[in-house]
Amino acid sequence: MLHADSHTPDTLDLAAIRARHTLLLLGLLWNRDLARVDIARELGLSRSAISSIVTELISVGLVNEVGTRGTGGVGRRATLLNLNTRAAALLAIDLGASHARVDALDLHCRTLASRTVPHDISRGPQPTYALLKDLTRQVLADAQLHAAQVALVGVGVPGPVDHDTGRVVQPPNMPGWDGENVRAALQDALNLEVLVDNDANLGALAEARFGAHRGIQDLIYVKVATGIGAGVLLGGRLHRGTRGGAGEIGHISINEQGPVGRSGNPGSLESYAAAQVIENHARSLRLQGHPTDLPDPITIEDLLTHAAHDPLARAVWEEAGHHLGVAISTTLNLFNPAAVIIGGRLAQAGDVLLRAIRVSAQSRTMRINADRTRIDLGTLGQDAGVMGAGAMMLDS
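Keep in mind that what you see is a predicted model, and the values were worked out from it rather than measured.

## Digging into the overall build of the protein
The secondary structure content of the protein amounts to 13 helices and 15 strands. On the principal axes, the C-alpha backbone points of the protein span a range of 80 × 50 × 50 Å. Within the span of the protein, comprising 396 residues, buried residues form 48% of the whole. Across the protein, every contact between residues at least 6 apart in sequence was considered, and the portion connecting residues at least 24 apart equals 58%. For the protein, the accessible area works out to roughly 19,100 Å², and carbon and sulfur atoms hold 50% of it. Taking the 35 positively charged and 40 negatively charged side chains of the protein as two groups, their mean positions are separated by 7 Å.

Have a look at this one:
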């Protein structure tokens, strides 16, 4: 016989069930305004159960009543409910190898205020935290928000993150950060709850929720910038692996006899197609007499701006696209996604890069894994990082 205070794994946790129903209800209202009867039908719950949850949400300001809708028959009109997207704010931090950005978002991940500054990630954790604390103060002031109104902080970093702890693990493009617990440090600095993930993972979440391929369940986002990483979405869920290191496509060896990249792996993708490598290769081609109208010395910005017109720039991006396609073909054969999205700063090279990736990847991929897969450029541009951080916070 069980005593009243006994607890077993089979005991129904009514509070947890109600919390789950509340989250499902808010998820429906995130997409569109609905009446109580619509929500009851969608969730398979009684109208009284829905009304109880709605009353509670209205009392705390998360949901508003916003007019009525005809029922289409005899009877009273249905009152529509609307998610109050200003009931709380989210703070999104996009930390790159050479920049720091902080946005205040509403609950639809629309930017209320934003600050971006150049920042060298190799300066180390403490100067970075101080900068982010200052940017946060400025953004909250710009958005006329108080820290108490911020529900969560979401952070994207350009390196592998142990998702359970928020600790950065051996990041090739973040010298001085190995073992740094970004989550704990920023929670102390900002006095707010913090979530941390790899920037490519956040790019995948952003494109799946807000991009041109929204709603796709199997998607791979490849971020090509100072480093190269991938976010892998399988069955609608981000695949992080055992610790959070899944998707490190930049450190796949595409030529075991090739040059050594930042990770120390010979012939890694980053040793052929990362930003600094491409810039150095372009300068080498110029010295070899390759025709070009680009200024001297050539910069990555020059190559991006003139990708479609300058013969040297075009050659460099076609070669980089070929190498990216070789690595991407491996992901196609492993995961058979519906879409591969190319993002990051180097995606600004546009169609020249994209065509080369497609030709290279599709020629190396089994037909069953290539026929229904699209390879496209991302549509969110520089906003992918903050929108992905917003998506991560909503999903949490």
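After presenting the structure, the write-up continues.
## A word on the pattern of salt bridges
Counted under the stated rule, the structure contains 18 salt bridges. A salt bridge links Asp199 to Lys223; the shortest N-O distance between them is 3.0 Å. In this pair, Asp199 is assigned in helix 6 (residues 199–210) and Lys223 in strand 11 (residues 219–224), connecting sequence segments 24 residues apart. Residue classification places Asp199 among the buried positions, given a relative accessible area of 13%. Judged by its relative accessible area of 17%, Lys223 is buried. Linked by salt bridges that have partners in common, Arg101, Asp103 and Asp383 make up one network.

## Topic: the sheet that holds strand 1 (residues 34–35)
Taking strand neighbours across the sheet as the criterion, the three strands line up as 1-3-2 in an open arrangement whose pairing is antiparallel. Bordering the open sheet on either side are strand 1 and strand 2 (63–69), each of which pairs with just one other strand. In terms of strand pairing, strand 1 meets strand 3 (residues 78–83) through two bridges, oriented antiparallel. Bridge pairing links Leu34 to Leu81 in strand 3.

## Brief notes about the sheet that holds strand 12 (residues 228–234)
Ordered by their spatial adjacency, five strands build an open sheet running 13-12-11-14-15, and the pairing between neighbours is mixed. Two strands bound the open sheet, and with one partner strand each, they are strand 13 (237–238) and strand 15 (374–377). Sheet analysis places strand 11 next to strand 12, joined by six bridges and oriented antiparallel. Each residue of the ladder has a partner; that of Ile220, found in strand 12, is Val232. Across the face of the sheet, helix 10 (residues 311–335) comes into contact with strand 11, strand 12, strand 14 (339–343) and strand 15 while running at roughly 160° to strand 11.

## As for the environment of Arg358
Within the element layout of this structure, Arg358 appears in helix 11 (residues 351–363). Considered as a pair, Arg358 and Gly321 are 37 residues apart in the sequence and their alpha carbons are 8.1 Å apart. Once residues within four sequence positions are removed from consideration, Arg358 is found in contact with Ile375 and Asp376. A polar side-chain atom of Arg358 sits 2.8 Å from a polar atom in the side chain of Asp376.

## What to know about the nonpolar core
Leu25, Leu29, Ile39, Leu205 and Phe210 are the most contacted members of the largest nonpolar core, which totals 43 residues. The biggest single contributor to this core is helix 13 (residues 384–395), with seven residues. Residues within four places of Ile39 in sequence aside, it is in contact with Leu25, Leu28, Leu29, Leu34, Ile50 and Leu81. Membership of the second largest hydrophobic core comes to 39 residues, among which are Ala282, Ala313, Val316 and Ala320.

## A word on the packing of helix 1 (residues 14–31) against helix 2 (residues 36–43)
Relative to each other, helix 1 and helix 2 sit at 120°, their axes nearing to 11 Å. Between helix 1 and helix 2, the interaxial angle falls into the category oblique. In the packing of helix 1 onto helix 2, the handedness of the crossing is right-handed. Between helix 1, through His21, Leu24, Leu25, Leu28 and Leu29, and helix 2, the contact on the second element is made entirely by Ile39, Glu42 and Leu43. Considered class by class, the residues forming the contact of helix 1 with helix 2 number six nonpolar, one polar and one charged.

## Some thoughts on unusual backbone geometry
Residue Pro297 is reached from Asp296 by a cis peptide bond, and omega for that bond is 0°. Positionally, Pro297 belongs in the loop between helix 8 (275–287) and helix 9 (300–305). Notably, Gln144 is not glycine yet its phi reads approximately 55°, a positive angle. Mapped onto the fold, Gln144 is located in the loop between helix 4 (125–142) and strand 7 (150–157). A positive phi angle, close to 55°, is found at Asn191, a residue other than glycine.

## A few points about the side chain of Thr365
Among the structural elements, Thr365 can be located in the loop between helix 11 and helix 12 (367–370). A distance of 2.6 Å separates a polar atom in the side chain of Thr365 from the backbone oxygen of Ala361. Not counting residues within four places of it along the chain, the set of residues in contact with Thr365 comprises Ser329, Leu332, Asn333 and Ala370.

## Regarding the environment of Gly385
Looking at the element boundaries, Gly385 is found in helix 13. Using a relative accessible area of 16% as the deciding quantity, one classes Gly385 as buried.

## Points about the packing of helix 4 against helix 5 (residues 182–190)
Here helix 4 crosses helix 5 at 45°, and the two axes come no closer than 10 Å. As the angle between them shows, helix 4 and helix 5 are arranged oblique. Helix 4 and helix 5 meet at a crossing whose hand is right-handed. Only Val182, Ala185, Leu186, Ala189 and Leu190 of helix 5 make contact with helix 4, whose side of the interface consists of Tyr129, Leu132, Lys133 and Thr136.

Cut-offs applied
The residue count restarts for each chain, going from 1 along the sequence in the order it is written. A pLDDT threshold of at least 70 governs which residues receive local features in this predicted model, and a stricter bar of 80 or more applies before side-chain atom pairs are shown or counted, although totals over entire chains, interfaces and linings include all residues. Side-chain measures here rest on the full set of heavy atoms in the structure, leaving out hydrogens and waters. Per the convention used, a helix needs a DSSP run of H or I reaching at least four residues, while a strand needs a run of E reaching at least two, with both numbered from the N terminus. Partly exposed residues are those whose accessible area sits between 20% and 50% of the maximum for their type, while under 20% is buried and over 50% is exposed, using a 1.4 Å probe and protein chains only. Between two residues, a contact is recorded if the distance between any of their heavy atoms is within 4.5 Å. Note on areas: Shrake-Rupley with a 1.4 Å probe; residue coverage comes only from the protein chains shown. The positive count covers Lys and Arg only, the negative count covers Asp and Glu only, and His and the chain ends enter neither. Charge coordinates come from a single atom per side chain, which is NZ of Lys, CZ of Arg, CG of Asp or CD of Glu. The term salt bridge refers to a side-chain nitrogen of Lys or Arg lying within 4 Å of a carboxyl oxygen of Asp or Glu. In this scheme, strands are said to pair when DSSP sees at least two bridges between them. Throughout, an axis means a line fitted to C-alpha atoms (over the contacting stretch in the case of helices), and angles, computed between N-to-C directions, take values from 0 to 180 degrees. Counting of polar contacts relies on pairs of N or O atoms within 3.5 Å, with two restrictions inside protein: one atom must be capable of donating a hydrogen and the other of accepting it, and residues adjacent in sequence are counted only when both atoms are side-chain atoms. By nonpolar core we mean a set of buried residues, namely Ala, Val, Leu, Ile, Met, Phe, Trp, Tyr and Cys, connected to one another through side-chain atoms within 4.5 Å. Throughout, the term roughly parallel applies to angles under 35 degrees, roughly antiparallel to angles over 145, roughly perpendicular to angles from 65 to 115, and oblique to all others. Helix crossings fall into two classes, left-handed where the near helix is turned counterclockwise from the far one by less than a right angle and right-handed where it is turned clockwise. Note that Gly is not counted as nonpolar here; it falls among the polar residues with everything else outside the nonpolar set of Ala, Val, Leu, Ile, Met, Phe, Trp, Tyr, Cys and Pro and the charged set of Asp, Glu, Lys and Arg.

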